[in-house]
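These are the residues of each chain, in order.
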Amino acid sequence: MKKRVSLQGFPVDIVSFESALNIAMSAVDNGENMQIVTINPEMIEAAKRNKDFTNILKQAELVVADGVGIKIALKLKGVNQERIGGVDLSRSLIEKCSQNNLRLALLGAKDEVMNTLVKKLKDEFNNINIVFAHNGYFSNENDILNQIKEARPHVFLCALGSPKQEFLIYRLKEMLQGCVMIGVGGSFDVFAGFVKRAPVVWQKLGLEWLYRVIKQPQRIKRIFPTLPIFLFESIIDSVKK
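Residues numbered from 1 in each chain as written. Predicted model: local features only at pLDDT ≥ 70, side-chain atom pairs only at ≥ 80, totals over all residues. Heavy atoms only, no water.

*Asks:* Mind showing me how you'd approach the nonpolar core here?
*Replies:* A general feature of soluble globular proteins is that nonpolar side chains tend to end up buried together. Among the nonpolar cores identified, the biggest contains 40 residues, and Ile-36, Leu-93, Leu-104, Leu-106, Leu-157 and Phe-188 are the most heavily contacted of them. The element contributing the most residues to this core is helix 1 (residues 17–29), with 8 residues. Within the second largest apolar cluster, 20 residues are counted, among which are Val-5, Ile-14, Ile-39 and Leu-57. (Core = buried A, V, L, I, M, F, W, Y, C linked by side-chain atoms within 4.5 Å. Buried < 20%, exposed > 50% of the residue type's maximum accessible area, 1.4 Å probe, protein only. Helix = DSSP H or I, 4+ residues; strand = E, 2+ residues; numbered from the N terminus.)

Below, the structure is given as C-alpha cells:
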C-alpha cells in the first residue's frame, strides 16, 4: 500500500524504495500499465507553466521523490520520505528483467551511448532480453511508438529528458499492456559509463546534485533560481491549512 500526499498541488507517493519496486512488479504481474514519475523541483516548476504536463504528473500511477528538494519540501509538511533516485530504481528494474525473463525496451541518449549500454547490459546480465533499443534522436515519434508496441516490453526506460519523456510515455501507455514505464533522464549515460556518478557518501548526504553541478557547470542554469523558488513556495505550502 502507498500513501499519496500533495506537494504544491502535485502528487507524491510516500513509499520505500523496496515498496516502489514491488508495486511496479505487481503491475507487470497483473497485466497493468504503470507510468512512474521520479519527481523533482524542476518538474514541478515546469508543470506550473504547462497544463498538459500537470495532467500527466497527476495521472501517473506512481510518483516517487527524486531529488533532495522534494525530500526537504515533504519534511516541511511533516512527512519523512527517503529519496528514490531514478538511476537506482531503473537499475533495479533492469535487474528484475534479467531475473524474471521480462522484455526490456530502451529509448534515449546518443547512439554511441545506447550501443555501449546495450553491450554492457548483455555482458553483465546473461539473461537480459532487450527487445527494443533506439537512441533519442528521431523525427517520427509515431514510428517509434509503433515499434515499441510491437516489441511488447514489460519494462520501458525512456531517457529523453523531462518533460519530453513523460509526454511520450503518456502516449505509449495507451498502446501497451502490462508495462512499467519510467523516464530516467541522463541515467543511460551513467549506466554506459559516459558520466561518473557521485561517490556514495555524496549520495547519502543528499548532495549528488551538487556533485553533478561541479562536474557539469552548465547544469546550474537548471537548478538556479528554480530550486530556491521551489523551496520558498514549499515553505508557504507547508503552512497552508
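*Asks:* Can you help me understand the pattern of salt bridges in this one?
*Replies:* If charged atoms from side chains of opposite charge come close, those side chains can pair. A full pass over the atoms with the stated rule returns 13 salt bridges. Put simply, Lys-48 and Glu-45 hold a salt bridge, and the shortest N to O gap is 2.9 Å. Residue Lys-48 is classed as partly exposed on the basis of its relative accessible area, which comes to 37%. Note that Glu-61 is salt-bridged to Lys-173, the shortest N-O span being 3.2 Å. (Salt bridge = Lys/Arg side-chain N within 4 Å of Asp/Glu carboxyl O.)

*Asks:* I keep staring at the packing of aromatic side chains and nothing clicks. Help me out?
*Replies:* The relative placement of two aromatic rings is captured by the distance of their centres and the angle of their planes. Scanning all chains against the criterion turns up 2 aromatic pairs. Pairing Trp-202 with Tyr-211 gives two aromatic rings, centres 5.3 Å apart and planes at 70 degrees, and the pair type is edge-to-face. Judged by its relative accessible area of 27%, Trp-202 falls in the partly exposed class. Seen from the ring of Phe-10, Lys-58 lies directly overhead, with NZ or CZ sitting 6.0 Å from the centre. Geometry around Phe-138 places Lys-164 over its ring, the cationic atom sitting 5.3 Å from the centre. (Phe/Tyr/Trp six-rings, centres within 6.5 Å; stacked < 30°, edge-to-face > 60°. Lys NZ or Arg CZ within 6 Å of the ring centre and 35° of its normal.)

Keep in mind that these numbers describe shape and distance, not what the molecule does.
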